[in-house]
Every structure is written in structure tokens, then in C-alpha cells.
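# Geometric and topological summary
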Amino acid sequence: MSIEVIGARTPEGIVLRPEYERPVETKPDAKDVTRKLSTWEHIIGNEMVRKAAVVALVLIAWQLYTDLADVQPLVFPSVVDTLKALFASMMDGELFLRVWGSLKVLLAGYAIGMGLAALLTVFAVSSRFGSDVLSTLTAMFNPLPAIALLPLSMLWFGLGSPSLIFVMVHSVLWAVALNTHSGFRSVSETQRMVGRNYGLKGVRLVAKVLIPAAFASILTGMKIGWAFAWRTLIAAELVFGANQGGGGLGWYIFENSQNLNTDRVFAGLLTVMLIGVLVESGFRAIEKRTVQRWGMQR
Amino acid sequence: MLDSFNPSYNPACSPILRVENVTIRYQTDDHHVTATDRVSFDVFESDRFVLLGPSGCGKSTLLKSIGGYIPPTAGDVRLKGKKVTEPGPDRVLVFQEFDQLLPWKTVRQNVIFALINGGRCKTEKEADSIALHYLDKVKLSKFKDNYPHTLSGGMKQRVAIARGLAMKPSILLMDEPFAALDALTRLQMQDELLELWEETKFTLLFVTHSIEEAIVVGSRILVLSPHPGQVRAELNSHKMTRGEAGASEFSALHDRIYEMLFVEKPTARAGA
């Protein structure tokens with residue numbers, strides 16, 4: 001063996017260097033390891049604040065447009081006029097009555113749709129035939145806009161809420177069933193096996209493992225179903241208007257446009273949006289407390 | 001220590017797990033595949049029994065069959081004399097996949113979930129104290145209220161082991177539990193598993209494709225050949241540790257298994 005000299009090259013061409021070991025350093029040398037966020041960073045970091053800023057910008061642009069472009073208030077009312085009309089409609093109670101009229105129909109349709117979707121999905125996970133039934137029916141009915149069923153629905157159920165509820169059910173059912181079913185199917189084999197390992201099967205396995213594991217998909221289905229239903233409802237009320245007992249928010253918009261109360265039409269549209277945003281943020285809150293907390297969604 | 005094993009000594013107890021002539025076939029889209037072919041072995045109490053073989057030897061399939069998930073096409077799996085027909089909490093499985101922890105439950109809740117549903121505990125309170133005890137054993141007390149997605153891979157596997165041990169199963173089945181971990185964590189996990197075994201001497205059936213892991217973890221090794229899985233040998237490794245003491249025996253056994261699996265080519269069955 002040849003003597004190895006530090007700094008020299010081995011025959012393989014590696015430069016030899018001395019070895020060393022060090023004790024673990026316990027004191028970090030940086031003083032600024034953690035620093036509190038400043039107030040400004042807190043404000044900027046808040047999603048709600050940023051979104052509110054976007055809304056404020058839109059409102060300012062709208063107000064500036066109506067002020068500077070000199071448009072007819074009858075055609076395009078200003079922010080101030082719209083808010084005044086909104087306030088007036090709220091004060092005389094009409095708006096709340098209309099909103100409640102719409103929400104009543106929506107909730108009934110949503111609840112029935114969810115129930116049917118649950119039945120259909122349980123049927124689909126428990127047998128291959130059920131799975132075929134679900135996938136074929138969703139393939140057929142999902143592309144069919146719910147509003148297209150309204151004329152038929154009115155023929156069957158008359159001019160009242162039942163025909164609207166039928167259309168609501170149609171818009172909720174397929175979206176929820178489709179997403180829940182695909183959610184169930186994508187639950188990992190490992191998690192099913194873990195559930196069965198601890199003696200779970202049948203309905204208990206569905207309730208304790210499949211539903212929470214597929215919760216992200218189920219929630220997506222519920223969101224899509226809600227969005228379909230809400231739009232369909234407003235459109236149905238707008239087009240076919242009449243509903244015994246006064247009609248809903250869509251009817252309020254229709255009525256006021258007939259009377260050329262454009263500011264109230266805007267107020268109605270604003271309310272449609274507001275309710276949409278409220279429900280969306282409700283879903284967001286559920287997501288934050290569940291699937292995001294569990295790390296199943298970013 | 002198990003140093004002096006006397007072959008003429010017949011313990012009063014029969015084996016905990018008896019696998020007899022188990023053949024498992026399954027169907028893919030265009031093939032019938034035989035995963036294991038007439039495999040037999042016995043696992044006794046406090047064994048650290050390892051199923052070792054290259055991929056395709058059906059070791060995982062065999063373990064799932066013992067778990068009760070896959071019925072054998074032929075042969076019998078008996079646990080304490082009773083034929084295994086379905087999954088149950090007397091045979092807890094620890095998987096390779098990290099998602100074996102339920103993501104919607106905290107570490108502690110994952111263990112409680114097993115204890116309550118598996119029927120070991122009646123009340124949440126009782127389950128809670130058992131869960132904390134076992135989480136302490138795997139050094140995860142600090143993380144008991146964390147959700148699994150905030151843990152590292154090694155920690156997740158430790159929770160799964162704690163969940164399995166807390167059930168006090170007749171046999172703990174581990175399906176390549178450390179295969180998805182990095183090499184350093186894997187070494188650490190092997191040592192920790194052995195420490196846990198020293199404490200309670202639970203019966204373990206461990207599947208791996210690493211010869212080294214088999215020798216370190218196992219007290220007895222069943223070597224399986226691939227396509228289809230057949231028993232090649234059953235070897236003792238209870239004296240082997242990673243330490244310097246038995247280094248030459250360790251590497252001798254390693255080489256012996258290596259030759260069995262890779263050097264001697266099976267003649268007729270090859271290329272199936």
C-alpha cells in the first residue's frame with residue numbers, strides 16, 4: 001500500500017482531504033428567527049379584506065360610470081340609486097317576502113334532491129346494477145338543463161310551487177349523485193381495508209369511512225347542485241313568473257322591469273348575487289373546518 | 001433469549017397461525033394468475049415471522065389472504081385453529097401506504113376509532129387512555145392531536161403501529177410497512193419495532209422484499225420464489241442483529257438467501 005498524502009491525488013484521481021467531526025451546535029446564531037407580522041401584513045394577508053377591496057373597486061367604477069357618462073337612470077341606475085331602492089324594498093318588507101318565497105322552494109327541492117341522491121348512491125355502491133343505473137341516468141339527465149323541464153313540469157304539477165320544486169330536484173339530484181358516487185369510488189382501497197379490519201361493513205362502513213373519505217367530492221356535488229338550483233329557480237320565476245302566494249325573487253325582478261323600476265331590478269339582481277355569495281361562503285366555512293383541516297384539499 | 005432452541009421440545013400450545021397448502025389465483029383482464037402455489041407455514045406465539053421474496057412472489061397477496069380480504073383458491077388459513085373467512089380485529093394489518101390513517105381523525109382519534117369499532121373498548125374514556133399509552137410507546141405523545149397530513153412518513157407509520165398494537169391482536173400483520181420510507185428512517189423504524197417487540201413479545205408476521213430487513217426484523221424467515229410464489233426455504237435469524245457481533249453470520253445468511261433468490265435459476269418454470 002502506498003502512503004496517502006493529504007492534498008495529493010489517489011491513482012483514481014480523487015483529492016485526499018482530512019476528515020473531521022464536530023459537536024452539534026445548540027445555539028442558533030440568527031437572532032431574527034421568528035418575527036411577528038406587522039399590522040399591514042395582517043391586513044393584506046386577510047382574504048376577506050382583499051375581496052372586499054375588489055368589490056369596492058367595482059362599485060366605485062360603476063358609480064363613476066353613471067356619474068360621468070350621463071346615462072339614463074331608467075336604463076342604468078347608479079350605485080346610490082340601487083342601494084336606495086334596495087333599502088326601500090327591505091324596509092317595506094317586500095324583498096324579504098320575495099327572498100323567503102324563493103328560498104322556501106329552493107330548500108324543499110334541495111332537501112328532496114339530496115335525499116334521492118343518497119338513496120341512488122347507496123343503491124349504486126351496493127350493486128353493479130345500481131351502479132349501471134346511476135351512471136346511465138346521470139349521463140342522460142345531467143346534460144339536460146333543468147329549466148327545459150319546466151313547461152312539462154307545469155303541465156304535470158300546475159302553476160304552483162310543486163312544479164318549481166320538481167325542477168329544483170332535477171337540478172340537485174344528478175350533480176350530487178354523480179359527485180358522491182365518483183367520490184366513493186375514489187376512496188383508496190387501503191382505507192376501505194382499514195375500515196373492514198376493525199369490523200366495519202355495510203352501512204357502518206359507508207357512514208364511518210366512505211362518507212368522510214369522499215367528503216370533498218360530496219361537498220363539490222352539493223355546491224354544484226346549489227348553483228344549478230339557484231340559477232334555475234331565478235330563471236324559472238323570471239320566465240314563467242307566476243307562483244301562487246306571491247312569487248319569489250325572480251318574479252320581483254320581472255315585475256319591476258315591467259314597471260320600469262330599473263333601480264329595483266338592479267336591487268333584485270344584487271340580492272341574487274348577495275345570497276349566492278353568502279351561501280358560497282357558508283360552503284367555504286364548511287370546507288375550512290373539514291376537508292382543508294384534514295389536508296384533503298388545499 | 002431464544003438462544004437454546006431444542007427441536008425435541010414441543011410446546012403445549014399449537015401454532016397461532018397455520019397456513020396450509022394455500023394457493024391463490026386471481027383474474028386480470030386477460031389472464032388467470034397464480035399468485036401463490038401450495039404455500040404452508042406455521043407461526044408460533046412471539047415469532048417475528050418474515051415472508052421474504054422478490055416482487056411477484058405473492059407475499060402481499062398471501063398476507064391479505066391471512067387478513068381475510070382474499071379467500072384462498074385452495075388450502076386453509078387458520079388462526080388459533082379457527083378458519084379465517086373475513087377481516088377482523090384479531091389480525092390487525094399495517095400497510096405500506098401512508099393513507100392507512102384516516103385523514104379526518106387526529107392521531108389519537110385514529111387509535112380510538114380502532115379500539116371502539118374493533119370492540120376492544122366500550123367507552124371513549126377507556127379507549128382514550130389506552131390510545132395515549134400506545135402513542136407514548138411510539139414516542140408520539142406530543143403529536144396526539146395532530147391530523148395525519150401534518151406528520152412525516154415515519155410518524156404516520158408509527159401511528160399505524162401504535163393503532164395495531166393497541167388492539168392487542170393475536171397477530172400483527174405488516175405489509176412492507178417501511179418500504180415507502182427513506183433509508184435512514186427505515187433503519188430507525190426497524191430498531192424501534194424490535195424495541196417494542198422486546199417489551200410485549202407480540203406475534204408478528206412481516207412482509208418485505210429486503211433481505212437485510214428480513215434478517216434484522218425477523219426471527220424466522222420464509223423465503224418465497226416468484227411466479228408463482230412457492231416456498232424455497234424457512235430459515236432461522238433470531239440470533240442476527242445489525243450489531244458488529246454477528247457480522248459474519250449476518251452476511252453469510254444474507255449471501256445464502258441472495259443466492260437462493262437470484263443466482264440459482266429455476267429451470268422449467270422460468271419465463272412464464
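Just so it is clear, the model here is predicted, and its values are computed rather than measured.

## Observations concerning the nonpolar core
Counting residues in hydrophobic clusters, the biggest one holds 143 residues, and the most contacted among them are L17, F41, L205 and I257 of chain B. When residues in this core are grouped by element, the largest group, 12 residues, is from helix α10 (residues 215–240) of chain A.

## Describing the UniProt feature "transmembrane region" (unreviewed entry) in chain A
Within the UniProt annotation, "transmembrane region" (unreviewed entry) is assigned to residues 105–125 and 265–286 of chain A. What you have in residues 105–125 of chain A is 100% helix and 0% strand, and the ends, taken at the C-alpha atoms, are 30 Å apart.

## Notes on the sheet that holds strand β1 (residues 17–27) of chain B
Residue and element names in this part refer to chain B. Pairing in this open sheet of 4 strands is antiparallel, and the strands run β2-β1-β4-β5 from one edge to the other. Each edge of the sheet is formed by a strand with only one pairing partner; in this case those strands are β2 (32–43) and β5 (82–83). Where β1 and β2 come together, 8 bridges link them in antiparallel fashion. Bridge pairing in β2 places Y26 opposite V33. Across the sheet, helix α1 (residues 59–67) is in contact with β1, β2 and β4 (74–79); its angle to β1 comes to roughly 115°.

## Considerations on helix α7 (residues 247–263) of chain B
Taking 1.5 Å as the rise per residue, α7 of chain B with 17 residues should run 24 Å; its terminal C-alpha atoms sit 22 Å apart, in good agreement. The inward-facing, buried residues of α7 of chain B abut β3 (48–52), α6 (211–217), β9 (220–225) and β10 (230–236) of chain B.

## Description of the interface of chain B and chain A
With 25 residues of chain B at the contact, the number on the chain A side is 20 residues. Overall, the association of chain B and chain A removes approximately 2,100 Å² of surface from exposure, summing both partners, and the carbon and sulfur fraction of that is 60%. Three residues stand out in chain B for area buried against chain A, namely Y69, W104 and N117 of chain B, and they jointly supply 32% of the buried area on that side. Across the chain B-chain A interface, the total number found is 1 salt bridge.

## Observations regarding the sheet that holds strand β7 (residues 171–175) of chain B
Strand-to-strand pairing in sheets goes through backbone hydrogen bonds, with the strands running parallel or antiparallel. Residue and element names in this part refer to chain B. Strand order in this open sheet of 6 strands is β6-β7-β8-β3-β9-β10, and the pairing throughout is mixed. Lying at the two open borders of the sheet, with one neighbouring strand each, are β6 (91–94) and β10. Pairwise comparison of adjacent strand axes, ignoring direction, gives a mean angle of 20° for this sheet. Relative to β10, β9 is paired through 6 bridges, and the arrangement is antiparallel.

Conventions adopted
Residues numbered from 1 in each chain as written. Chains lettered and ligands numbered in written order. Predicted model: local features only at pLDDT ≥ 70, side-chain atom pairs only at ≥ 80, totals over all residues. Heavy atoms only, no water. Core = buried A, V, L, I, M, F, W, Y, C linked by side-chain atoms within 4.5 Å. Buried < 20%, exposed > 50% of the residue type's maximum accessible area, 1.4 Å probe, protein only. Helix = DSSP H or I, 4+ residues; strand = E, 2+ residues; numbered from the N terminus. UniProt positions renumbered as here; feature names shortened; annotations may be inferred. Pairing = 2+ DSSP bridges. Contact = heavy atoms within 4.5 Å. Axes fitted to C-alpha atoms, helices over the stretch in contact; angles between N-to-C directions. Expected span 1.5 Å × (residues − 1). Buried area = accessible area lost by both parts, 1.4 Å probe. Salt bridge = Lys/Arg side-chain N within 4 Å of Asp/Glu carboxyl O.

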